Amino acid sequence: MPCCNLLSLCQYDTNKLVRIQSVRLGSLKWSLNAAILLFICIMMLWNRKYQEFDLVVSSVTTKVKGVAQTRLPGVGDVVWDVVDYSGPSQDKNSFFVVTNVIVTKNQQQGKCPEAPRNGRLCRTDKDCEKGAWDQQSHGIQTGSCVKFDVLKKTCEVSAWCPIESKTTPPRPALLGAAENFTVLIKNNIRFPAFNFFRRNILPNMNDAYLRSCQRGNDSLCPIFRLGDVVREAGEKFSVMAVEGGVIGILIKWDCNLDRLMQRCLPRYSFRRLDEKESNRTLYPGLNFRYAKYNTVNGVEERTLYKAFGIRFDVMVFGQAGRFSFIQLIIYIGSTLSYYALTTVLLDWLIGTSCYSAEVGQNYSEKKVEPVQDKQKCVLCVSYVDESNIRLVKRSLKKSLQDVKPMSVQPRKEDRGHLRAALCLLQPGVAADQDAQPPLDHRPDPKPKPHRPAWCRCDCCTPSSLPQEELCCRQSDGACITSSPLFEQLVLRRPLLEAVLLYRHPLSPPADRGQTTALRHCAYTQYISWRFGDTSDGTHPAIPRCCVQRVREEYSSPDGQYSGFRPASMVSMEACANGEL
C-alpha cells in the first residue's frame, strides 16, 4: 500500500476540454481575448506595474521674504520685516506668517482688575477667593473685589497689568500686505533603494532664473507668492488673514528612473487643512501670544502681542519606479486569470436563450458529467404498462416498488436495440440450430413460491433486499417475461453470443458452460430494451421477475449470484464496447 501511495504521486491530471466548431464563438473568443490583452497592457503601462517602487525620503527648508508697514492702535506706524512676522520659532517643514495682531502696551507686574469674561463679575470681596485661578484667568486673585469701570466690578488679580481686554481681531487684517510676501521652498529628496538624489531647484535653475521666475508662467518655480498659494487652495487671503488658518503645500514626486523614460520632477498643489467656517468651529483660526520686554526707569515692562496668522505646512510624498523583471513576471501571472472571463461569458452565452438551445444542450452533455454519491443513489424504474421512466432514491427500509418517484422522464429509444428487434421480427428468419426450444415444448417449471405483496405480475420471487423488490408492472397484469420479444431480445443465446463476439472479435466462441458472461449480457440487453438512453448518474433497476427468468435460463453452477449492483449500462453499444 505505501508503494501504491507513492506511485500515485507521480501522476499528472488535466482538465477535460470540449472544442466547439463555431465561427461565431471562435470570433467572439478571440475578440474578448484581444480586448483583455489590450486592457492588461494599458494598465501595465499606465500604472507601471513592470517596475519596482521605493518611497521618498525628504527634507524641507523655507525662506520667507517681504516687508510691510501698518498702523497699530496706540502705537503708530510700524514696519514689519521677516523677523517680526515669522513668529518666535518655526516648526519642521512649516513656516508661520503673522497677518493680524492685538497689542497690549506697557504691561508691568502688579495688581489690577481681571477682565470680565463670560459674565464673571463680583459684588463684594466674598465673591473673590484669594489665590484662586482658572484657565481663563490672567493672574491669581488677591481676594478683593474692585472696579473694572464705572458699571462693572471684577476680582483683583496679581498679573501683568493692564490686562489684555480685547479678544476679537481687527477687521480688516492689519498685515493684509503679507499677501505679497514670497517664500522659497528648498526640498531635497532621496530614494534609498535606488540611491537616487534630487532637489526641487533643478540644475538648470541659476540665480537669474530664481530672481525672475513666476509660478504663473513656470509650474516648476520654487518661489511662491503667499496670496497665490492661498488662492490656489480655494481661499481668499483678506478673509483668511483676519483669524488665521493652516494651508498645506503638497509636493508630489512621481519619478520614473528607467533610462529611456527617465522623469523626476515635482508637482505642487495646495489645500486648506483647518476648518474655515468660523460660525461652526470653536476657537477658529490660528493665533499665539508673544511679548517684547524692555526696562523703563528700572522697571521691567513688556508689550504683549496676540498674533493671528497663517501657518504653511509643506508635505512631501511620492515614489520612484525602476524596471524589474521579477515584478513584470508577477504582474503577468496575476493577470492570466482575467482570461477566465472569456470562458465564463461564452459558457453563459451558450447556456442562455441568446444562443441555440440544441447547441447548449449538447455542450452541457459533453462538458458536464454528473456523479452521484453512493449514499444518494438514484435508480431508474421502467414499468411495462407505463411509457415513462421513474427516478427514485434507493431505500434500505421500503421496497423499491412502493418508493415514490423523485421525477418522471420520457423514455429515449435506443435505436440500435430497435434495429435489432426489427431484424429479429423479419419473416423468414431461420431459427438458429442452437436456439432454445419453444416455450410450449419446455419442461414444466418448478412450482412458484408464494406471491410477494409488492408483485403485480404473479411471477416475482421474494427477496430479502428492499432494492430488489421491484415488479415489471405498476398494476396487475401479464409479466413481461411471457412476451415472445423478451425471449428474442434478452434470452436468445445466438444473439447474446453475437454481442459478446462483437465486443471481443478475436476471442473464441463462448463455451456453453460459460453462462456468467451470457447472463450479464442478458441483463444489459434488458436495460437497453426497456430503458433506452438513460441520463448520466442514474442506475437502471431490473425487475425481480426478469432477474429470476434470466437466472433460470443461464443459472450459476454453484447457485451463487452477485445480487443488485447499480451500474450505468444504458445501451446495446455500451455492452458491445465492453463497458459492462
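Residues numbered from 1 in each chain as written. Predicted model: local features only at pLDDT ≥ 70, side-chain atom pairs only at ≥ 80, totals over all residues. Heavy atoms only, no water.

Draft legend 1. Up close: the UniProt feature "transmembrane region" (unreviewed entry) in the chain. In the numbering used here, UniProt assigns the feature "transmembrane region" (unreviewed entry) to residues 30-46. With 100% helix and 0% strand, the stretch residues 30-46 has end C-alpha atoms that lie 24 Å from each other. (UniProt positions renumbered as here; feature names shortened; annotations may be inferred. Helix = DSSP H or I, 4+ residues; strand = E, 2+ residues; numbered from the N terminus.)

Draft legend 2. The arrangement of the pattern of salt bridges in detail. Following the criterion strictly, the structure yields 19 salt bridges and no others. One network of salt bridges, with partners in common, ties together E179, R225, D228 and R231. (Salt bridge = Lys/Arg side-chain N within 4 Å of Asp/Glu carboxyl O.)

Draft legend 3. Quick look at the state of the cysteines. Evaluated as defined, the whole model comprises 5 disulfides. Paired through a disulfide, C112 and C161 show a sulfur-sulfur distance of 2.1 Å. Judged by the sign of its S-S torsion, about -80°, the bond between C112 and C161 is left-handed. With C112 in strand β5 (residues 94-113) and C161 in strand β7 (residues 153-161), this residue pair connects regions lying 49 residues apart in the sequence. C161 matches C112 in its accessibility class, with the two residues each being buried. The cystine pairing of the chain, numbering bonded cysteines in sequence order, is 1-6, 2-4, 3-5, 7-8, 9-10. Note on C459: no disulfide assigned, nearest cysteine sulfur contributed by C479 at a separation of 4.1 Å. (Disulfide = S-S within 2.5 Å. Buried < 20%, exposed > 50% of the residue type's maximum accessible area, 1.4 Å probe, protein only.)

Draft legend 4. How the structure looks around the sheet that holds strand β15 (residues 378-382). Spatially, the 4 strands line up as an open sheet ordered β17-β16-β15-β18, and their pairing is mixed. Either end of the sheet is taken by a strand with one partner, and the two such strands are β17 (407-410) and β18 (538-540). Mean inter-strand twist for the sheet, computed between neighbouring axes without regard to direction, equals 35°. Of the pairings in the sheet, the one linking β15 to β18 comprises 3 bridges and is parallel in character. Across the sheet, the residue bridging to C380 is P540, located in β18. Taken strand by strand, helix α13 (residues 515-531) contacts β15, β16 (388-393) and β18, and its axis lies near 75° from that of β15. (Pairing = 2+ DSSP bridges. Axes fitted to C-alpha atoms, helices over the stretch in contact; angles between N-to-C directions. Contact = heavy atoms within 4.5 Å.)

Draft legend 5. Broad picture of the environment of M315. Assignment of secondary structure puts M315 in strand β14 (residues 299-323). For M315 and S59, which are 256 residues apart along the polypeptide, the C-alpha to C-alpha distance reads 9.8 Å. Beyond its immediate sequence surroundings of up to four residues, M315 is in contact with G248, I249, L250, I251 and L273.

Draft legend 6. Broad picture of helix α2 (residues 23-47). For α2, with 25 residues, the first-to-last C-alpha span of 36 Å sits near the 36 Å given by 1.5 Å per residue. Three or more residues of α2 are buried, namely L25, N33, I36, I40 and M44. Looking at the buried positions of α2, the neighbouring elements they touch are α7 (325-335) and α8 (340-351). The distance from a side-chain oxygen at the start of α2 to the backbone nitrogen of L25 is 3.3 Å, and the residue carrying that oxygen is S22. (Expected span 1.5 Å × (residues − 1). Polar contact = N/O pair within 3.5 Å; in protein donor to acceptor, adjacent residues only side chain to side chain.)

Draft legend 7. Representation of the packing of aromatic side chains in the model. As enumerated under the stated definition, the model contains 13 aromatic pairs in all. Here F486 and Y526 contribute two aromatic rings whose centre-to-centre distance is 6.2 Å and whose plane-to-plane angle is 65°, an arrangement assigned as edge-to-face. Placement of F486 in helix α11 (residues 484-491) and of Y526 in helix α13 is noted, with a sequence separation of 40 residues between them. Taken as a pair, F486 and Y526 share a single burial class, namely buried. Plain terms: the ring middles of Y526 and W529 are 6.1 Å apart, the flat faces sit at 90° to each other, and that makes the pair edge-to-face. (Phe/Tyr/Trp six-rings, centres within 6.5 Å; stacked < 30°, edge-to-face > 60°.)

Draft legend 8. Quick look at the side chain of S86. Here S86 lies in the loop between α3 (82-85) and β5. Of the residues examined, S86 reaches a relative accessible area of 7% and is grouped as buried. Side-chain polar atoms of S86 contact the backbone oxygen of V82, separated by 2.6 Å.

Draft legend 9. The arrangement of the environment of C455 in detail. Mapping C455 onto the fold places it in the loop between α10 (415-424) and α11. With 19 residues separating them along the chain, C455 and Q474 place their C-alpha atoms 8.9 Å apart. Once residues lying within four places of it in the same chain are set aside, the contact partners of C455 are C460 and C471.

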